[in-house]
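Residues per chain, in single letters:
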Amino acid sequence: TDPRFVLAHSGLADAYITLAVYGAGRADTLLAQARESAERALLMAPTLAEALTARASVRALLDHDWDGAERDYVQALTIREQYATAHQWYAMHLLAPRGRFAEARARIARARELDPLSAPIATSAAILRMYERDHVQAVAEFRLVIAQHPAFHLAHYALGGSLSALGEHAEALDALRRAALLSGESPEVLSALACALAAAGNPDEAQALLVRLERTAVERYVSPVLLAQVHAVLGESVRALDELERAAAMKSVEMPHLHLRAPFDALRDEPRFRALVASVLG
């Protein structure tokens, strides 16, 4: 078997996973394609760490098969401990959703040792801090990433979320508007901008962005989670929960991280929200 052919299938799986995580299309479709590519690679090379890592992420993000995903991640890292992406995806796709933050930080730290110039890995480290609600540390780390990678829109986007949580509204809006410019106004960024506007006391502007996102969703994929979080911050709990239940039916890629997203903090005591989180995390 030509190893380049095997790696091509594994690389295709990675591409589908990345497209799903970045919201380029429906996760159930993209992750099913990722699984098919990873399985093809594993038929030819059963111990290929890259393919095991890809299958692990599909099992976590699509199937919510946490035990099966963990077996694949652990096997991948046993075979190839120096594979930085395996450490990163294990941390972000499984350990963080499961609340195992100390382990997640250790994995990300190892990924950074292995790939110190990676903007996505450095941003993942700061996002972990954000998930833990350590927004002061998250802001400091996001700013370090931006200093090294000023055009990396995800760092600006996440910085805006942490600044908003800290009540630094003007800086949050600046960061998110920069992210919108760099991302070509991606739905993820526009949703975060709407949330920040609502938190800053501008509900009319937030509502206008929400209407824009809803119109965009008629023409292309927009995760219902992105609509839900704006409704949540605007105090529209029922609408938010309706969208989240639609997201669950569509297997939206954000489902394992719902409880980690600050805009949903207001829904934590809602029985429907708790049921959604439990259905994913067990």
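Residues numbered from 1 in each chain as written. Predicted model: local features only at pLDDT ≥ 70, side-chain atom pairs only at ≥ 80, totals over all residues. Heavy atoms only, no water.

A. Expanded view of the overall build of the chain. From N to C terminus, the chain includes 15 helices and zero strands. Relative to its length of 282 residues, the chain is compact, with a C-alpha radius of gyration of 18 Å against a globular reference of 19 Å. For the chain, the spread of C-alpha atoms along the three principal axes comes to 60 × 40 × 35 Å. Classification of the 282 residues of the chain by burial places 52% in the buried group. Taking the contacts inside the chain whose residues are at least 6 apart along the sequence as the reference set, 57% of them involve residues at least 24 apart. About 12300 Å² of surface is accessible on the chain, with carbon and sulfur atoms providing 53% of the total. (Helix = DSSP H or I, 4+ residues; strand = E, 2+ residues; numbered from the N terminus. Rg over C-alpha atoms; globule rule 2.2 N^0.38 Å. Buried < 20%, exposed > 50% of the residue type's maximum accessible area, 1.4 Å probe, protein only. Contact = heavy atoms within 4.5 Å. Areas by Shrake-Rupley, 256 points an atom, 1.4 Å probe, with all protein chains shown as cover.)

B. Looking closely at the pattern of salt bridges. Evaluated as defined, the whole model comprises 23 salt bridges. A salt bridge links R110 to E113, with the shortest nitrogen-to-oxygen separation between them at 2.9 Å. Of this pair, R110 and E113 both sit in helix α6 (residues 101-114), three residues apart, which is roughly one turn of that helix. According to the relative accessible area criterion, E113 is exposed, its value standing at 55%. Between R212 and E185 there is a salt bridge whose closest N-O contact spans 2.3 Å. Residue R212 is found in helix α12 (residues 203-219), and its partner E185 is found in the loop between α10 (169-183) and α11 (187-199); the two are separated by 27 residues along the sequence. When its relative accessible area of 35% is taken as the criterion, R212 is described as partly exposed. Through salt bridges that share partners, E39, R55, R59 and D72 make up one connected network. (Salt bridge = Lys/Arg side-chain N within 4 Å of Asp/Glu carboxyl O.)

C. Focus on the side chain of D14. Within the element layout of this structure, D14 appears in helix α1 (residues 3-21). Of the side chains bearing the opposite charge, R80 lies closest to the buried D14, which forms no salt bridge; the N-O distance is 8.5 Å. (Lys, Arg positive; Asp, Glu negative; His and termini not counted.)

D. Structural view of the side chain of S183. By the element assignment, S183 lies in helix α10. From its side chain, S183 meets the backbone nitrogen of S186 in a polar contact 3.1 Å long. Not counting the four nearest positions on each side in its chain, S183 is found in contact with H153 and V189. (Polar contact = N/O pair within 3.5 Å; in protein donor to acceptor, adjacent residues only side chain to side chain.)

E. Broad picture of the layout of surface pockets. Each pocket or cavity is described by its volume, and for the largest pocket that value is around 1200 Å³. Lining of the largest pocket is provided by 46 residues; of these, I127, Y131, Y157, E188 and R261 occupy positions nearest its centre. When residues of the lining of the largest pocket are traced back to their parent elements, those giving at least two are α1, α5 (84-95), α7 (119-131), α9 (153-165), α10, α11 and α13 (224-233). When residues of the lining of the largest pocket are assigned to their parent elements, the largest contribution, eight residues, is made by α9. (1 Å grid on protein atoms, 1.4 Å probe; cavity = no way out; pocket = protein on both sides within 12 Å on 5 of 7 lines; lining within 4 Å. Points joined across faces, edges and corners; volume = space filled by probe spheres on them.)

The values reported here are purely geometric and, on their own, carry no functional implication.
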